[in-house]
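Given next are the chains, with one letter for each unit.
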Amino acid sequence: MPFETALTKALDLRVPVLAAPLGRGSSAEFLGAMANCGSFGFTALMHMPEETVGDELARMSRVTNGRFGANLTLVVDQRKRLAAALDAGVRVFSVWQGDVEPYVRVIKDAGGLVFWTVGDPGDAAHAKDIGVDFIVSQGREAGGHLVGSAPTMSLLPSIVDAAKGVPVVAAGGIAEGRGLVAALALGACGVWMGSRFVASGESANHRGYKERIVAARATDLVETEIFDAGWQESPHRVIRNSTYARWEEAGCPPAGQRPGEGERISRFPNGKPLYRYDVAAAWDAMEGEWEVSPLYADATVELIHDVKSVAEIVEEIEVTARTVLAGLADWRTGR
Ligand SMILES: Cc1cc2nc3c(=O)[nH]c(=O)nc-3n(C[C@H](O)[C@H](O)[C@H](O)COP(=O)(O)O)c2cc1C
């Protein structure tokens, strides 16, 4: 039996699994691997210079045959990036943080599909009125930046209840087939996974970062606001690294007094310097000390034991989810 949910129908998916935007990790090759296995990934426009966003998206569109989405973090003005993305033919968008409504309107006027990442039922209740197609419920245990007011197990059903029929995708704490089934049981139409896909062969995140995810335990994670250059006062979950350890040893001083602040650690592909405490996660071709950058991840590090190809990850989710669902059916009939 194929999986059939509002999500699989809208995006023509084999399995209701989406890849979250992964900073610079969501490269054309990564998105192509997602598209090739009947899945779908999002790329983060925040990390693309306004001058090159159109060209980068055009390449992604060629590699994926148009099967990918673009994510807009609305802590900065994203109108130019949105216009460039629409010009490049992108029609699936994810928005979060900030004032989403004007962006939703532009995307809907262009015939697009909108996912809105929310962290509390109040926002979910508003989604239908502003024309959002899918809500992404981000549980507090998620990796990366956080909006969730509670962990997935309790947040997701409360968002489903508040959503007035808008389909809900579950994010935060999901890395495999059992998590997919649990999310479906809680009322979701699919899942949105970040940390698991960072640790995939095709993601353009740094190899050392992937290995840290594989090696980490949940006790190695911290929720902090220190990686704030470019995105302030926004909590995020990371694996404890040397930048965090130095800041902690210094007595957790406020911004402006932190150890190594203003220290140049690398440079972006366009030559711009990258400083300690920047929000950018380590990417594959990064020069210099990748380990001092934020290593975004969540408690699913307990479930991630190796770096695998995207196709293997998606296939395993599908097989496990079917096995679990069959087991549940047996349980219901008392066998
Ligand atoms: C490396 C990384 C970068 C992320 N960047 C973004 C981003 O730019 N925009 C966004 O909406 N979410 C971003 N997220 C958060 C994800 O969308 C998602 O909510 C989260 O990864 C789900 O939790 P999980 O890691 O437990 O799967 C990022 C997550 C990670 C791990």
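Described in the following lines is the structure provided in the data block. (Residues numbered from 1 in each chain as written. Predicted model: local features only at pLDDT ≥ 70, side-chain atom pairs only at ≥ 80, totals over all residues. Heavy atoms only, no water.)

Looking now at unusual backbone geometry. Although it is not a glycine, Lys164 adopts a positive phi angle of roughly 55°. Summarising the element assignment, Lys164 is placed in the loop between helix 7 (152-162) and strand 8 (168-171). The exposure class of Lys164 is partly exposed, given its relative accessible area of 45%. Although it is not a glycine, Glu233 sits at a positive phi angle of roughly 50°. Among the secondary structure elements, Glu233 is positioned in the loop between strand 10 (221-224) and strand 11 (236-239). The exposed category is assigned to Glu233, whose relative accessible area is 71%. (Helix = DSSP H or I, 4+ residues; strand = E, 2+ residues; numbered from the N terminus. Buried < 20%, exposed > 50% of the residue type's maximum accessible area, 1.4 Å probe, protein only.)

The pairing of strands in a sheet comes from backbone hydrogen bonds and takes either a parallel or an antiparallel form. Ordered by their spatial adjacency, three strands build an open sheet running 7-11-10, and the pairing between neighbours is antiparallel. Only two strands of the sheet have a single neighbouring strand rather than two, namely strand 7 (144-145) and strand 10. Bridge count between strand 7 and strand 11: two bridges; the pairing is antiparallel. Residue pairing across strands places His145 opposite His236, the latter belonging to strand 11. (Pairing = 2+ DSSP bridges.)

Every one of the 22 residues lining the ligand counts as a neighbour, but Asn71, Gly173, Gly194, Ser195 and Asp298 are closest to it. Within the side chain of Trp96, an N or O atom sits 3.2 Å from an oxygen atom of the ligand. Contact distances for the ligand include 2.9 Å between an oxygen atom and a backbone N or O atom of Gly173. About the coverage of the ligand: the protein hides 98% of its 610 Å² of free accessible area. With respect to the pocket detection grid, the ligand is positioned in the largest cavity. (Near = heavy atom within 4 Å. Polar contact = N/O pair within 3.5 Å; in protein donor to acceptor, adjacent residues only side chain to side chain. Areas by Shrake-Rupley, 256 points an atom, 1.4 Å probe, with all protein chains shown as cover. 1 Å grid on protein atoms, 1.4 Å probe; cavity = no way out; pocket = protein on both sides within 12 Å on 5 of 7 lines; lining within 4 Å. Sits in = over half its atoms within 2 Å of the grid points.)

One finds Leu57, Phe93, Val95, Ile135, Phe197 and Ile213 to be the most contacted residues of the largest nonpolar core, which totals 95 residues. Inspection of this core shows a minimum of three residues originating in each of domain 1 (11-203 + 304-332) and domain 2 (217-301). Not counting chain neighbours up to four residues away, the residues in contact with Ile135 comprise Trp116, Val118, Ala124, Ala127, Ile159, Ala163, Val166, Pro167, Val168 and Val169. Among the nonpolar cores identified, the runner-up in size contains 16 residues, and Leu7, Leu18, Phe42 and Phe115 belong to it. (Core = buried A, V, L, I, M, F, W, Y, C linked by side-chain atoms within 4.5 Å. Domains from an automatic or database assignment. Contact = heavy atoms within 4.5 Å.)

Turning our eyes to something else, we now look at empty space enclosed by the protein. Tallied over the full model, the rule gives one cavity of 30 Å³ or more. Computed from the structure, the largest cavity encloses a volume of approximately 590 Å³. Considering the residues around the largest cavity, the lining is formed by 35 residues, among which Ala20, Pro21, Gly143, Gly144 and His145 are closest to the centre. Mapped by element, the contributors of at least two residues to the lining of the largest cavity are strand 3 (69-73), strand 4 (92-96), strand 7, strand 9 (190-193) and helix 9 (195-198). A class-by-class count of the residues in the lining of the largest cavity yields 18 nonpolar, 16 polar and one charged. Shared between two domains, the lining of the largest cavity holds at least three residues of each, these being domain 1 (11-203 + 304-332) and domain 2 (217-301). (Points joined across faces, edges and corners; volume = space filled by probe spheres on them. Nonpolar A, V, L, I, M, F, W, Y, C, P; charged D, E, K, R; others polar.)

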